[in-house]
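Structure at a glance
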Amino acid sequence: MNTIYLGVNIDHIATLRNARGTQYPDPVHAAEIAERAGADGITVHLREDRRHITDRDVNILSQTINTRMNLEMAVTEEMLKIADEIRPEFCCLVPEKREELTTEGGLDVVANLAKIRNACDRLGAQDIQVSLFIDAERDQIDAALEAGAPYIEIHTGQYAHAKTEQQQQIELDKLRQGIQYAHAQGLKVNAGHGLHYHNVKPIAAMPEIIELNIGHAIIARAAFDGLHTAVADMKRLMLEARG
Ligand SMILES: CC(=O)[C@@H](O)[C@H](O)COP(=O)(O)O
Ligand SMILES: NCC(=O)COP(=O)(O)O
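Residues numbered from 1 in each chain as written. Chains lettered and ligands numbered in written order. Predicted model: local features only at pLDDT ≥ 70, side-chain atom pairs only at ≥ 80, totals over all residues. Heavy atoms only, no water.

Of the regular secondary structure elements, the chain holds eleven helices and eight strands. Counting only C-alpha atoms and orienting by the principal axes, one finds that the chain spans roughly 45 × 40 × 35 Å. When the 243 residues of the chain are sorted by exposure, 52% land in the buried category. Sequence-distant contacts, at least 24 apart, represent 67% of the contacts inside the chain between residues at least 6 apart. If you average the places of the 25 positive and of the 36 negative side-chain charges in the chain, the two averages end up 2 Å apart. (Helix = DSSP H or I, 4+ residues; strand = E, 2+ residues; numbered from the N terminus. Buried < 20%, exposed > 50% of the residue type's maximum accessible area, 1.4 Å probe, protein only. Contact = heavy atoms within 4.5 Å. Lys, Arg positive; Asp, Glu negative; His and termini not counted. Charge placed at Lys NZ, Arg CZ, Asp CG, Glu CD.)

Before going further, it helps to spend a moment on the packing of helix 4 (residues 77-86) against helix 5 (residues 113-124). In contact at an axis separation of 10 Å, helix 4 and helix 5 are set at 15° when each is read in the N-to-C sense. Comparing the axis directions of helix 4 and helix 5 gives the class roughly parallel. Our pair here, helix 4 against helix 5, has a crossing hand that is right-handed. The residues of helix 5 that touch helix 4, namely those facing Glu-77, Leu-80 and Ala-83, are Ala-119, Arg-122 and Leu-123. (Axes fitted to C-alpha atoms, helices over the stretch in contact; angles between N-to-C directions. Parallel < 35°, antiparallel > 145°, perpendicular 65-115°, else oblique. Left-handed = near helix turned anticlockwise from the far one by under 90°.)

Attention shifts here to the site of ligand 1. Around ligand 1, the neighbouring residues are Asn-9, Asp-11, His-12, His-45, Arg-47, His-52, Glu-72, Val-94, Thr-102, Thr-103, Phe-133 and His-193. Separating an oxygen atom of ligand 1 from a side-chain N or O atom of Asp-11 is a distance of 2.5 Å. One of the side-chain N or O atoms of Arg-47 is found 2.8 Å from an oxygen atom in ligand 1. Look at ligand 1: alone it shows 350 Å² of surface, and the protein chains cover 91% of it. Partitioning the shell around ligand 1 into residue classes produces two nonpolar, seven polar and three charged. (Near = heavy atom within 4 Å. Polar contact = N/O pair within 3.5 Å; in protein donor to acceptor, adjacent residues only side chain to side chain. Areas by Shrake-Rupley, 256 points an atom, 1.4 Å probe, with all protein chains shown as cover. Nonpolar A, V, L, I, M, F, W, Y, C, P; charged D, E, K, R; others polar.)

A few words on the UniProt feature "binding site: 1-deoxy-D-xylulose 5-phosphate" (unreviewed entry) in the chain. Within the UniProt annotation, "binding site: 1-deoxy-D-xylulose 5-phosphate" (unreviewed entry) is assigned to Asp-11, His-12, Arg-47, His-52 and Thr-102. In three dimensions, the annotated residues from a span of 92 residues occupy one location, with a maximal C-alpha spread of 12.4 Å. Considering the arrangement of structural elements, one finds His-52 in the loop between strand 2 (41-45) and helix 3 (55-64). For His-52, the contacting residues outside a window of four places in its chain are Asp-11, His-12, Ala-14, Thr-15, Arg-17, Asn-18, His-45, Arg-47 and Asp-57. A relative accessible area of 35% means that Thr-102 is categorised as partly exposed. If we skip the residues at most four places from it in the chain, Thr-102 touches Arg-47, Arg-51 and His-193. (UniProt positions renumbered as here; feature names shortened; annotations may be inferred.)

Near ligand 2, the surroundings consist of Asn-9, Thr-43, Glu-72, Phe-133, Glu-153, Gly-192, His-193, Gly-194, Asn-213, Ile-214, Gly-215 and His-216. Here an oxygen atom of ligand 2 sits 2.8 Å away from a polar atom, N or O, in the main chain of Gly-194. The backbone of Gly-215 places a nitrogen or oxygen atom 2.8 Å from an oxygen atom of ligand 2. Burial of ligand 2 by the protein chains amounts to 92% of its free accessible area of 310 Å².

Next up on the list: the sheet that holds strand 7 (residues 188-192). If you walk around this closed barrel you meet the eight strands as 1-2-3-4-5-6-7-8, and the pairing is parallel. For this sheet, the mean angle separating the axes of adjacent strands, direction not counted, is 25°. Of the pairings in the sheet, the one linking strand 2 to strand 3 (residues 69-73) comprises four bridges and is parallel in character. Bridged to Thr-43 within strand 3 is Asn-70. In this fold helix 6 (residues 138-147) packs onto strand 5 (129-134) and strand 6 (151-155), with an angle of close to 160° to the strand it touches most, strand 5. On top of the sheet, helix 8 (residues 165-184) reaches strand 6, strand 7 and strand 8 (209-214); it is set at about 175° to strand 6, its chief contact. (Pairing = 2+ DSSP bridges.)

The structure is reproduced here in structure tokens:
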């Protein structure tokens, strides 16, 4: 049975810091604790509005992370230039709307194929592994292949936010079909968004998945149990699910 990796998204450490304009809690410190607790990578979303993670955070993290950085970013010239300067191991291209509370869906690769293919080419030329954050839809998966991305990250938000067990099962089946299809096409498959301690196992059990990127639920749990325990507990659940 193959293993599964945990990318810890530390955005909301920065949300707490920015709430008061203090220097604490520092995402740089959080990354060090998360890695000690078993994180296989650190994910940060540098949003256009810098509502949480800032350019300072990304710059320092790029010099201090011991595992690997997954820089989430919109497909803009500004962000592509930042990725060129930072040279993270991974870039995950995500949709972004200023008014959104959090990411609301996957990238529309079908409608933006030329732009996204160009971004994949530019990032790939800098030896950055590109992942496209998409919904588990065949047309988007096919478009991701056409765009030349080696990875996709399947958006698990619909599953995570399902209101009933029946709807959750429907969303889980959609995810499973999309993940199996993408894997069969030769894509490397990650997943994330809205996963927490009570819904992560069915996703982690899917053998095609390489990595889960999880943030909000871990940072929330850290408020009560501490970040080291929150990360270690999530990693343990994922490995238990994988068997
Ligand atoms: C793409 C995704 O699902 C998250 O990684 C993203 O970072 C969510 O945005 P916030 O972190 O701002 O909630
Ligand atoms: N791409 C998903 C991610 O990095 C974390 O999303 P969430 O767990 O904060 O919803």
